[in-house]
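Listed below are the residues making up each chain.
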Amino acid sequence: FVGHPLLDDLADARPREETLRRLGLDPAAPVVGLIPGSRVSEVTRHLPVLLEAARLIRQQLPEVSFIV
């Protein structure tokens with residue numbers, strides 16, 4: 001599954017650039033959201049895999065930022 005059901009609820013959220021600036025991130029740089037789940041078992045199982053993927057992505061795109 002690609003995506004996250006919560007994102008459907010964010011359609012009326014602040015503009016991307018404003019949100020990234022508020023988080024101290026460069027709006028011109030790529031941003032990847034890491035969303036491991038909400039249950040402890042999901043986080044325990046998924047987060048290590050997502051962090052390893054983030055490490056591999058950063059090797060190719062050093063300017064990338066990640067949001068968990």
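Note that the structure is predicted; figures quoted are calculated from it, not measured. (Residues numbered from 1 in each chain as written. Predicted model: local features only at pLDDT ≥ 70, side-chain atom pairs only at ≥ 80, totals over all residues. Heavy atoms only, no water.)

Each helix and strand counted, the protein has two helices and two strands in total. Ordered by position from the N terminus, the helices and strands of the protein form the series α-β-α-β. Once the C-alpha set of the protein is aligned to its principal axes, its extents read approximately 35 × 30 × 20 Å. Each of the 68 residues in the protein was classed as buried or not, and the buried ones make up 15%. Taking contacts inside the protein between residues at least 6 apart in sequence as the whole, the part at least 24 apart equals 44%. Summed over its atoms, the accessible surface of the protein is roughly 5400 Å², and 59% of this surface lies on carbon and sulfur atoms. (Helix = DSSP H or I, 4+ residues; strand = E, 2+ residues; numbered from the N terminus. Buried < 20%, exposed > 50% of the residue type's maximum accessible area, 1.4 Å probe, protein only. Contact = heavy atoms within 4.5 Å. Areas by Shrake-Rupley, 256 points an atom, 1.4 Å probe, with all protein chains shown as cover.)

Applying the stated criterion across every chain, the model contains three salt bridges. In this structure, Arg14 engages Glu18 in a salt bridge whose closest nitrogen and oxygen atoms are separated by 3.4 Å. One salt bridge in this structure joins Arg39 and Glu42, with 3.2 Å as the shortest N-O distance. For Arg39, a relative accessible area of 55% puts it in the exposed group. The buried category is assigned to Glu42, whose relative accessible area is 18%. (Salt bridge = Lys/Arg side-chain N within 4 Å of Asp/Glu carboxyl O.)

Here we take up the confidence of the model for the protein. Mean pLDDT for the protein: 88, with 91% of residues reaching 70 or above. For the protein, helix H1 (residues 16-22) is the element with the lowest average pLDDT, namely 89, and helix H2 (residues 40-60) is the one with the highest, namely 95. (pLDDT = per-residue confidence, 0-100.)

If you trace the backbone, Ser65 turns up in strand S2 (residues 65-67). Beyond its immediate sequence surroundings of up to four residues, Ser65 is in contact with Leu25, Pro30, Val31, Val32 and Arg58.

Moving on, we come to the environment of Ile57. Looking at the secondary structure, you find Ile57 in helix H2. Put simply, Ile57 and Leu23 are 34 residues apart on the chain and 21 Å apart in space, counted from C-alpha to C-alpha. Not counting residues within four places of it along the chain, the set of residues in contact with Ile57 comprises Val64 and Phe66.

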